[in-house]
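Residue-level structural notes
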Amino acid sequence: MTRSKQPLEPVTPGKVGIYLCGPTVYKPSHIGHMVGPVIFDVIKRYLTYRGFDVTWVVNITDVDDKLIVESNQRGISIQALANEMIADYMTNLAAMGVDTIDHFPKATDNIDAIIDFISRLIDKGFAYAADGDVYFDVGKDSAYGKLSGRSLDSVQGEGGETADRKRSLADFALWKSAKPGEPSWESPWGPGRPGWHIECSVMSQQILGETFDIHGGGLDLVFPHHENEVAQSECCHGKPQARYWLHNGLMQAGGETGKVGGRSTRAADAATEVPAGAPAEGDAEAQEAGKLGKSKGAAPFSELLKKHAPETIRFLLLSNHYRRPIYFSEQRLEEIAASLETFYRYFKRYERVTGESFYALDAAAGSVTTDNSDETQAEVSRLRQRFLDAMDDDFNTGAAIGDLFELVRALNKYVDQHALEAADAPPAEKLATLQQGTSVLRELASILGIFRQPVQSAGGGDDALTGELVALLVKLRAEARADKNYQLGDRIRDGLQELGVTLEDRADGTEWTIQR
RNA sequence: GGCGCCGUCGCCAAGUGGCUAAGGCAGCGGAUUGCAAAUCCGCCAUCGCCGGUUCGAAUCCGGCCGGCGCCUCCA
C-alpha cells in the first residue's frame, strides 16, 4: 500500500503465505497467463531457499459470466468447460516448470463459505441485497480506492441492466441472481452465483488466514479486482488483507524487430516517411504492439510450446524485472535461445572434463565457498553474493541472470587457463575447484528454476536415420582429414553447416549439433 | 478527461545521488584452430529534450516531447 519496496516481515516469523490470482478458466491459457506463475514460482523458490516455510495459493475461478457465454456457445456444461481449461492450464504450468503451488482452490468448491462471507458483510452493513443480487456498498467503505489510488467519485462503475438496483454505480456485485438456464446455487437471496471478486477474498482467508503476507497478480488486476477484494476482506474482518502487494508487468505483443511502442520512436518516424502502401506493412499482426488479451487474440500457450523450448520461454519471463512489461516476439525468443546455448555448451564441457553431469550436482551443495585464495573461487563467491543481493532487492531476476552469465564465463576461463579439457588426468584440486564453482551455478540456477533437467540432447537428429547419416558424414570427413584432404573435409563441414548442422572438432573427436 | 507506469549501446536489459553506467544478442580486433566451430582476451553508450536542486544526477524537482497501461472483461 505504500507503493514502495518494504522489507519482508511475515505475519508469522519464518512462514510466508502467498496468494496469486489465477485464471478464469474459459479459454486456453496464453503466454500472459504464465507470467505470474513463473515469477511467483521463483519467489517461492527463493524464499524457501532463504529458509522460509512458504505456502502458495493460486485460485481457479470456474464460475463466471465468461464461462457461461463460452459454454453456451460450445454447447457443453460449464463444468466440462472448466475441467478442460484447468487441464490445459496445468499442462502449461508443468511445461514451465511451475511445480511449487500448494493449493488450487476452486470457486465452485467454496460456495458455502462465499455465502457466509457475504452474509457477514450484509450484517455489518457493508452490503445490501436487491432483487436477488447482493452488492457491496462502496460508500460505506471509507478506505475504498486506497490500493489503486483513485477517489470514489472517479470510479465509474458498471452500469447496464443492473444499474437501477445499485445504490451507487460504483457498487459491485457479490452475488448475482440466476437467469433461467444459468448455473446457480441456493442462497438466502435466492438462486444465483458469486460475483467476480468475492472468491479470492474467501479462499485466501480460508487457506492463508485473514491477514497474509503476499498478494500477487497482474498489473491489470489492481483495479477493479484487487481494489474490490481488499474492500470486501477488510470490511469483513477489519484487518489488513495482505501485507505486501506484488503486481507483475504485462506481456506485450511485440513486432518482428522487437521494437515496440515507446521503446523506440524511430520505427514510427520511419513509418511516416514511407509512402503509404510501400514496404513497412509486411506483417500487420507483427507490427501491432500492446497488451495481450482476448481483444488481441493471443495464441494459445500450447501452440507456442510447439515452436519454442519451455526453458527459453521461462528465461524470457525472468529476463527483466517482474514489475516491468515484457516485450514478446519470435525474434526475442530466438535471441534468448541463442544465449542459453552458452550454458548448455558449458554443461557438456563440464561433463567432458569431469566425467560428471552438471544435472547430477547437488543444488544445495553450492553454498560452501570458503577458500578465496584462488582467483576463480573468489570470483565465484563474489558473483554468488551479487546474485543473492539482486534477489534480495525485490526479486531482481534480470540482474541475477546477468551474474549467471558472468559465472559461466569465469568457469570456462578456468577450464581454458588450466587446460583441463586437454589434460589426460587433470589435477584433482583443479577439478575440485571447477566442481565447486559449477555447483554454485547449479545452486543459483535452481533458485530461478532453470537448468533443472537436461534439454533434449543437442546431438541426435530429428530421427534415428538423420543421426546416422550425419555420423557417417562426420566419419568420412575424419578420414579425409586424416589424409590431409582438407578440401574435401571442409566441403563436408560447410555443406552440413548449410543444413543447420554445426561441427566442433575436439581432441577426442568431432561433436555435432543441429539447429532447428 | 481522471489515475498510474515508462523512455539507458543497433536490439534486449540491470543500475534510482558519488567506484571505470552490469549482463545478453548482434558487430569488430586478437589468442586458439590445418581452416572452422566452441572458448578466452580486448573494443563497442554519458543515460528522450530543456531547465533547476546539489560539491556531485542516468538516478531528485519542474516543464516539454514520445510511448504504454488502467478507468469496461483480462494474468
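All values derive from a computational prediction rather than experimental measurement.

**Topic: the sheet that holds strand 5 (residues 172-177)**
The four strands are arranged 3-4-5-6 in an open sheet whose pairing can be described as antiparallel. Strand pairing shows two members of the sheet lacking a second neighbour, strand 3 (127-130) and strand 6 (192-194), which therefore form its edges. For this sheet the average axis-to-axis angle between neighbouring strands, irrespective of direction, equals 20°. In this fold helix 4 (residues 111-123) packs onto strand 3, strand 4 (133-136), strand 5 and strand 6, with an angle of close to 125° to the strand it touches most, strand 5.

**Examining the side chain of Glu-311**
Along the chain, the position of Glu-311 falls in helix 10 (residues 310-318). Within the buried set, Glu-311 has no salt-bridge partner at all; the shortest N-O distance to an opposite charge, 6.5 Å, is to Arg-314. One polar contact links Glu-311 to Tyr-344, side chain to side chain, over a distance of 2.6 Å. Excluding residues within four positions of it along the chain, Glu-311 makes contact with Leu-340, Tyr-344, Ile-450, Phe-451, Arg-452 and Val-455.

**Some points on empty space enclosed by the protein**
This model, assessed by the stated rule, comprises two cavities of 30 Å³ or more. Of the volumes computed, that of the largest cavity is approximately 60 Å³. No other element matches helix 3 (residues 78-95), which puts three residues into the lining of the largest cavity. For the lining of the largest cavity, the residue count by class is six nonpolar, three polar and two charged. Its volume calculated, the second largest cavity comes out at about 30 Å³. By residue number, the principal contributor to the lining of the second largest cavity is helix 1 (residues 32-49), which donates three residues. Residues of the lining of the second largest cavity, tallied by class, amount to six nonpolar, one polar and no charged.

**Points about the confidence of the model for chain A**
Residues of chain A with pLDDT of at least 70 account for 86%, and the chain-wide mean is 85. Per-element confidence in chain A ranges from a low mean pLDDT of 28 for helix 7 (residues 266-273) to a high of 97 for strand 2 (residues 53-58). The low-confidence segment residues 255-289, where pLDDT is below 50, has 25 contacts with residues more than four positions distant or belonging to other chains.

**Quick word on the pattern of salt bridges**
In this structure the tally under the stated criterion is 39 salt bridges. Across the pair Asp-65 and Lys-176 runs a salt bridge, and its minimum N-O distance is 3.1 Å. Placement of Asp-65 in helix 2 (residues 65-74) and of Lys-176 in strand 5 is noted, with a sequence separation of 111 residues between them. Classification of Lys-176 by relative accessible area gives partly exposed; the value is 24%. Across the pair Lys-179 and Glu-182 runs a salt bridge whose closest N-O atoms are separated by 4.0 Å. A relative accessible area of 19% means that Glu-182 is categorised as buried. What you see here is one network of salt bridges that share partners, running through Lys-348, Arg-349, Arg-352, Asp-416, Glu-421, Glu-504, Arg-506 and Glu-511.

**Examining the environment of Val-474**
Inspection of the secondary structure puts Val-474 in helix 15 (residues 464-482). In the structure, Val-474 is positioned 85 residues away from Asp-389 in sequence and 47 Å away in space, judged by C-alpha atoms. Sequence-distant contacts of Val-474, that is, excluding residues within four places in its chain, are made with Leu-503, Thr-510 and Trp-512.

**Digging into helix 6 (residues 222-237)**
Here helix 6 spans 21 Å end to end across 16 residues, near enough to the 22 Å set by a 1.5 Å rise per residue. Where burial is concerned, most of helix 6 is hidden: 14 out of the 16 residues are buried. In the segment just after helix 6, Gly-238 is the residue with positive phi, at about 75°.

**Quick word on the pairing of strand 3**
Moving residue by residue along a regular strand, the side chains alternate between the two faces of the sheet. Pairing analysis gives four bridges linking strand 3 to strand 4, with the strands arranged antiparallel. When the sheet's bridge partners are listed, Ala-130 is paired in strand 4 with Asp-133.

**Observations regarding the sheet that holds strand 2**
Across the sheet, which stays open at both edges, the four strands sit in the order 2-1-7-8 with parallel pairing between neighbours. Edge strands, defined here as strands with exactly one partner in the open sheet, are strand 2 and strand 8 (242-248). Averaged over neighbouring strand pairs, the angle between their axes works out to 20° when direction is ignored. In this sheet, strand 8 lies alongside strand 7 (residues 212-218) in parallel orientation, the contact comprising six bridges. Residue pairing in the sheet places Gly-217 in a bridge with His-247 of strand 8. Against the sheet, helix 5 (residues 198-208) touches strand 1 (15-20), strand 2 and strand 7, its axis set at about 160° to strand 1.

**Some thoughts on the environment of Gly-75**
Its place among the elements puts Gly-75 in the loop between helix 2 and helix 3. Residue classification places Gly-75 among the exposed residues on the basis of a relative accessible area of 64%. The spatial distance from the C-alpha of Gly-75 to the C-alpha of Glu-351 is 55 Å, given a sequence separation of 276 residues.

Definitions and cut-offs
- Residues numbered from 1 in each chain as written.
- Chains lettered and ligands numbered in written order.
- Predicted model: local features only at pLDDT ≥ 70, side-chain atom pairs only at ≥ 80, totals over all residues.
- Heavy atoms only, no water.
- Pairing = 2+ DSSP bridges.
- Helix = DSSP H or I, 4+ residues; strand = E, 2+ residues; numbered from the N terminus.
- Axes fitted to C-alpha atoms, helices over the stretch in contact; angles between N-to-C directions.
- Contact = heavy atoms within 4.5 Å.
- Buried < 20%, exposed > 50% of the residue type's maximum accessible area, 1.4 Å probe, protein only.
- Lys, Arg positive; Asp, Glu negative; His and termini not counted.
- Salt bridge = Lys/Arg side-chain N within 4 Å of Asp/Glu carboxyl O.
- Polar contact = N/O pair within 3.5 Å; in protein donor to acceptor, adjacent residues only side chain to side chain.
- 1 Å grid on protein atoms, 1.4 Å probe; cavity = no way out; pocket = protein on both sides within 12 Å on 5 of 7 lines; lining within 4 Å.
- Points joined across faces, edges and corners; volume = space filled by probe spheres on them.
- Nonpolar A, V, L, I, M, F, W, Y, C, P; charged D, E, K, R; others polar.
- pLDDT = per-residue confidence, 0-100.
- Expected span 1.5 Å × (residues − 1).

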